[in-house]
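Chain by chain, the residues run as shown.
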Amino acid sequence: MNLFEEYYADYRASQAGFERFHNEVINMPRDHFSDMGLQKVRVLAGYLLLTENRLSPLGASYEDIMGCIANELQIGHYPHYRDQQLENRYFACRNPRAQYKSSEGRMFRHLMGLCLFFGLLASKSKTKKVCCYDKCREYYLSENQELLIPVARNNMVMLNINSNDFIRSLRGITVQKSADYRPTYAILRYIQQIGRGASKFELSVLLGRVDRLQGEAEILERALKVGRLLPRAEPEQVAWFFNGMQWKYPSGAHFAYAASQQPYFKFNSYLLLLESLELIRYSPASAAYSLTGYAQTLLADDVSYLVADLENLLRVVDDYSGDNSTLNDLILYQRNPELLRLAQADPAFIEKMNKRSLKNPIIGRDGKRQRSRLIAELAKILADYKCQYAQRPIFKMPNGKYYCEAHHILQFGTEDGPDITNNLVVLGPEAHKIIHCACKEEAEDVFIQLRANGALDLSRFREMITVYHCLTAEQVEILYARRVVTSREKAELLALLA
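Heads up: these notes are all about the structure in this document. (Residues numbered from 1 in each chain as written. Predicted model: local features only at pLDDT ≥ 70, side-chain atom pairs only at ≥ 80, totals over all residues. Heavy atoms only, no water.)

Helix and strand counts for the protein stand at 26 helices and eight strands. Taken over the C-alpha atoms alone, the protein extends approximately 90 × 65 × 40 Å along its principal axes. Within the span of the protein, comprising 498 residues, buried residues form 53% of the whole. Partitioning the intrachain contacts of the protein with sequence separation of at least 6 by distance along the chain shows that 67% fall at a separation of at least 24. For the protein, the accessible surface area stands at approximately 22,800 Å², while carbon and sulfur atoms represent 50% of it. Between the mean site of the 62 positive side-chain charges and the mean site of the 58 negative ones, the protein shows a separation of 5 Å. (Helix = DSSP H or I, 4+ residues; strand = E, 2+ residues; numbered from the N terminus. Buried < 20%, exposed > 50% of the residue type's maximum accessible area, 1.4 Å probe, protein only. Contact = heavy atoms within 4.5 Å. Areas by Shrake-Rupley, 256 points an atom, 1.4 Å probe, with all protein chains shown as cover. Lys, Arg positive; Asp, Glu negative; His and termini not counted. Charge placed at Lys NZ, Arg CZ, Asp CG, Glu CD.)

What follows is the structure, given as structure tokens:
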């Protein structure tokens, strides 16, 4: 049995199979994906934010969304980033519903498909959508290319067909409940492992389709098996693939694509987007894509390419001038499910992240060591966002997440406390304030209660010596003076250090 019979038997030797095969290619929303294209996504996020608290939480049609934005503009509510041409085309009519039913309505639906792909919208049903306002704010707060590209890139790195409502809505594609496929990662890994430039045709056919294989590892394995047999030049690749699939008329001529049905046309915008996000580069001379240096660095990461890109994104936001705590909080909140998945999939994930933090501390533009937002978030995840002093959630924020703060037991600045989860406790704002501002006795009481709750125990400090090698005798004395460890525990820790 050859590879075509093994993987593509249901599509071979028939016009119907040929059409079904190409209907399973991810048919991207059409846009010129460049820096200007990403600016359009940010602009659309701003217009969608006008609808907050104006649309039904149960979902709204595209017509409802168009009408709501038009109404807000007519009463003088405008986003900071405006597109006058877009406003004149879709929202200037005094009868928005009549406008939607015109030819412009079809183009507006196209724009909404773009928003669905980028996660600015989510599907409640086939016709009802809800605005994902946190995701809109994530793009909207990315003030310029310096922030916008890393934000969009991280979203593309994390994009999974199982959670992307645009891909799930495409005709010809059925996404299984068990699907776990990240096209961006698969494309980058394929180019790395195939050892040559990859053509638009092979990337579109081998990695831009959603068929019965919907697991990342199995899709990549199939792609590499077929890709290693492909000729180098794209025209020869097409002919070789068509011959293997027996897509021929009795005359011997190959089947022909209908207009706009070529896989490299339907999936092309995805590849253009990866190129604009500096993950792949296209060479007109070889008509093939290769990896950028940034992508090669991501793939070489010892923990996860997802973590590496998220860390880079958080650093870019922190380094950018101005107060970007809101944007960083939004970024972390949006990616919590992925952090949880990584922690659950790899029992050593937290240990790897702690060692990573010690090995590669964040150094700011002022040359000083900075706290890792990612390590603090992992500590909160481990504590389930509960105050470990009060042993309960404190209050829920508008985004649905419970508020809490991560506190370094050994002070990060004055005591050179290591920036790892072992050196963090999660507190509500009152308990945190007591530690920093109350008298010595009341601050000690917080640590005594944390010990009684089981939130603080000797094992975390043992690990700081035996696993992370980041605790000194002087710091042990500080822990003892703060009533974090007992005299017996101090002696044990000092013995380990000896």
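Enumeration according to the criterion identifies 33 salt bridges in this entry. Residue R182 is joined to D180 by a salt bridge in which the shortest nitrogen-to-oxygen separation is 3.0 Å. For R182, a relative accessible area of 4% corresponds to the buried category. Of the charged contacts in the structure, one is a salt bridge between E492 and R462, with a shortest N-O distance of 2.6 Å. In this pair, E492 is assigned in helix α26 (residues 487-497) and R462 in helix α24 (residues 458-466), connecting sequence segments 30 residues apart. Under the relative-accessibility criterion, R462 is labelled partly exposed at 32%. Through salt bridges with shared partners, a single network forms among E24, R209, D211 and R222. (Salt bridge = Lys/Arg side-chain N within 4 Å of Asp/Glu carboxyl O.)

On to the packing of helix α8 (residues 133-140) against helix α19 (residues 325-345), then. Helix-helix packing is described using two parameters, namely the angle between the two axes and the distance between the axes. Look at α8 against α19: their axes get within 10 Å of each other, and the N-to-C directions meet at 135°. By the angle between their directions, the pair α8 and α19 is classed as oblique. Note on packing geometry: the crossing formed by α8 with α19 is left-handed. Contact with α8, carried on its side by D134, K135, R137 and E138, involves L327, L330, I331, Y333, Q334 and R335 of α19 and no other residues of that element. Residues of the contact of α8 with α19, tallied by class, amount to four nonpolar, one polar and five charged. (Axes fitted to C-alpha atoms, helices over the stretch in contact; angles between N-to-C directions. Parallel < 35°, antiparallel > 145°, perpendicular 65-115°, else oblique. Left-handed = near helix turned anticlockwise from the far one by under 90°. Nonpolar A, V, L, I, M, F, W, Y, C, P; charged D, E, K, R; others polar.)

Neither face of strand β8 (residues 424-427) is exposed, since L424 and V426 on one face and V425 and L427 on the opposite face are all buried. Direction of pairing for strand β7 (residues 405-408) relative to β8: antiparallel, over a ladder of four bridges. Bridge pairing in β8 links H408 to L424. (Pairing = 2+ DSSP bridges.)

Another point: the side chain of R189. Secondary-structure assignment places R189 in helix α11 (residues 183-194). Once residues lying within four places of it in the same chain are set aside, the contact partners of R189 are L220 and L299.

Right, let's talk about α24 for a bit. For α24, every residue scored as buried is listed here: L458, R460, F461, M464 and I465. Down the axis of α24, the buried set is contained in an arc of 165°. They therefore lie on one face. (Arc of directions from axis to C-beta.)

Tallied over the entire structure, the rule returns 33 aromatic pairs. Here the aromatic rings of F4 and Y8 are separated by 6.5 Å at their centres, their planes lie at 45°, and the arrangement is tilted. In this pair, F4 and Y8 are both assigned in helix α1 (residues 3-8), four residues apart and thus about one turn of the helix distant. Considering the side-chain rings of F118 and Y139, the 6.0 Å spacing of their centres and the 85° angle between planes classify their relative orientation as edge-to-face. Note that F118 is positioned in the loop between α7 (103-117) and β1 (121-123) and Y139 in helix α8, a separation of 21 residues in sequence. On the accessibility criterion, F118 (5% relative accessible area) is buried. Judged by its relative accessible area of 1%, Y139 is buried. Cation over ring: R209 sits above F21, and NZ or CZ is 3.7 Å from the ring centre. The positively charged end of R369 is found above the aromatic ring belonging to F412, 3.9 Å away from the centroid. (Phe/Tyr/Trp six-rings, centres within 6.5 Å; stacked < 30°, edge-to-face > 60°. Lys NZ or Arg CZ within 6 Å of the ring centre and 35° of its normal.)

The subject of this paragraph is the nonpolar core. Among the nonpolar cores identified, the biggest contains 132 residues, and Y8, I65, Y190, L206, L207 and F241 are the most heavily contacted of them. When neighbours within four sequence positions are excluded, I65 is seen to be in contact with L48, L55, A60, F108, M112 and L121. Among the nonpolar cores identified, the runner-up in size contains 24 residues, and L427, I435, V485 and L493 belong to it. (Core = buried A, V, L, I, M, F, W, Y, C linked by side-chain atoms within 4.5 Å.)

For N53, which is not glycine, the phi dihedral falls at a positive 65°. The residue N53 is located in the loop between α3 (35-49) and α4 (62-74) in this model.

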